[in-house]
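Here's the letter readout for the chains.
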Amino acid sequence: MKLVLVAACALVDADGRVLLTERPAGKQLAGLWEFPGGKVEPGERPEECLIRELAEELGITVKEPCLAPLSFASHTYESFQLLMPLWICRRWEGQPQGREGQRLAWVKPGALRDYPMPPADEPLIPVLLDLLGPGR
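Residues numbered from 1 in each chain as written. Predicted model: local features only at pLDDT ≥ 70, side-chain atom pairs only at ≥ 80, totals over all residues. Heavy atoms only, no water.

### As for the sheet that holds strand β5 (residues 67–76)
Sheet strands pair via backbone hydrogen bonds, and the direction of the pair is either parallel or antiparallel. This is how the line gets drawn: At least two DSSP bridges between two strands are needed for those strands to be called paired. Per the convention used, a helix needs a DSSP run of H or I reaching at least four residues, while a strand needs a run of E reaching at least two, with both numbered from the N terminus. Where helices are involved, their axes are fitted lines through C-alpha atoms of the stretch in contact, as for all axes, and angles between N-to-C directions lie from 0 to 180°. Should any heavy atoms of two residues lie within 4.5 Å, those residues are counted as being in contact.
Spatially, β4-β1-β6-β5 is the arrangement adopted by the four strands of the open sheet, whose pairing is mixed. What marks the edges here is a single partner per strand, and that holds for β4 (37–39) and β5. Looking at each pair of strands side by side, their axes are set apart by 20 degrees on average, direction ignored. Across three bridges, strand β1 (residues 2–11) lies against β4 in antiparallel orientation. Pairing of Ala7 across the sheet is with Gly38, part of β4. On top of the sheet, helix α1 (residues 46–58) reaches β1, β4, β5 and β6 (80–89); it is set at about 60 degrees to β1, its chief contact. Those strands touched by helix α2 (residues 125–132) are β1, β5 and β6, and its axis lies near 155 degrees from that of β5.

Right, here's the structure in full:
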């Protein structure tokens, strides 16, 4: 089975809210909400991938020292195994905007389960709740 490495980031604002992005129509799992990030390219470190993806998808600049490893998820899909490390980031430059047509939502940790997510993202919610509290 093919292993796919995807780097994801929990961007946390000053109010303790976490940014979720909606998968746009036409993409696999369209309409589900996820932590921003993307597929790690060959020869690319996961941190480099996150910095690139956050710039491309959201128009923000993240510096590597601001990325703190938090957890990871492993999920078996029908045709591949997904391994997704999750970083947390509380500092970036710019205002996140959906540059690829995706909707964005700033969500209190206690409300993360109100947003339907891909199966790989769901196990990361308790880790964020433990770290940030419910914040409702």
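### Overview of the confidence of the model for the protein
Heads up, the rule is: Here pLDDT means the predictor's own confidence in every residue, given as a number from 0 to 100.
On average, residues of the protein carry a pLDDT of 95, and 99% of them reach 70 or more. Of all the helices and strands in the protein, α2 carries the lowest mean pLDDT, 95, while strand β7 (residues 104–107) carries the highest, 98.

### Section: the pattern of salt bridges
Note the threshold: Salt bridges are defined as contacts in which a side-chain nitrogen from Lys or Arg sits within 4 Å of a carboxyl oxygen from Asp or Glu.
One pass over the full model with this rule turns up ten salt bridges. Notably, a salt bridge pairs Arg52 with Glu44, separated by 2.8 Å at the nearest N-O pair. If you follow the salt bridges from partner to partner, you end up with Glu44, Arg52, Glu53 and Glu56 in one network.

### Re the sheet that holds strand β2 (residues 18–22)
Strand order in the open sheet made by the three strands is β3-β2-β7, with antiparallel pairing throughout. The two strands at the open ends of the sheet, each matched to only one other strand, are β3 (33–34) and β7.

### A short note on the UniProt feature "domain: Nudix hydrolase" (unreviewed entry) in the protein
Here is the rule: UniProt positions are given in the numbering used here, feature names are shortened, and annotations may be inferred rather than shown by experiment.
Sites flagged by UniProt as "domain: Nudix hydrolase" (unreviewed entry) map to residues 2–130. Annotated as residues 2–130, this span is 15% helix and 34% strand, and its ends, taken at the C-alpha atoms, are 32 Å apart.

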